[in-house]
Amino acid sequence: MIELLLMITPIFPLSVYAKRRNLISQTFKPQSDLLLLFNPAPRIKSNDTHFKYRADSSFAYLTGFTEAYSALAIWKDNKGKTQSTLFCQARDPIKELRI
């Protein structure tokens, strides 16, 4: 199960997202199949204007996490238990400032 501290409260409890990941991994073979999902980078409309960011729907459905430049790996271990890891960028307080 993904254990992380979300800055934004997800829409559903984290257990809902864990159940969704377990459901999708039911067809996986232990130590054989791997699902990788990526949240896209923000898109640029013109040189100094960005489109409003929208997370990948499948990624948000399985994690509730909507930050850009993040990835999710889902697999089954040798005991058949679903495992998942969420990769995201390290926090940068300077980039979080709104000036």
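A few points on the structure.

Calculation criteria
Residues numbered from 1 in each chain as written. Predicted model: local features only at pLDDT ≥ 70, side-chain atom pairs only at ≥ 80, totals over all residues. Heavy atoms only, no water. Helix = DSSP H or I, 4+ residues; strand = E, 2+ residues; numbered from the N terminus. Buried < 20%, exposed > 50% of the residue type's maximum accessible area, 1.4 Å probe, protein only. Lys, Arg positive; Asp, Glu negative; His and termini not counted. Salt bridge = Lys/Arg side-chain N within 4 Å of Asp/Glu carboxyl O. Polar contact = N/O pair within 3.5 Å; in protein donor to acceptor, adjacent residues only side chain to side chain.

**Side note on the side chain of Arg20**
Alright, step 1. Structurally, Arg20 can be placed in helix α1 (residues 14–24).
Alright, step 2. Buried within the structure, Arg20 lacks any salt-bridge partner; Asp56 is the closest side chain of opposite charge, at an N-O distance of 12 Å.
Alright, step 3. Here the side chain of Arg20 touches Tyr61 through a polar contact of 2.9 Å, landing on its backbone oxygen.

**Re unusual backbone geometry**
Alright, step 1. In this structure, Gln31 is a non-glycine residue whose phi angle is positive, near 55°.
Alright, step 2. Inspection of the secondary structure assignment puts Gln31 in the loop between α1 and β1 (34–38).
Alright, step 3. On the basis of relative accessibility, which here comes to 64%, the residue Gln31 falls in the exposed class.
Alright, step 4. Positive phi, close to 60°, is recorded for Tyr69, a residue that is not glycine.
Alright, step 5. Tracing the backbone shows Tyr69 in the loop between α2 (57–63) and β4 (71–76).

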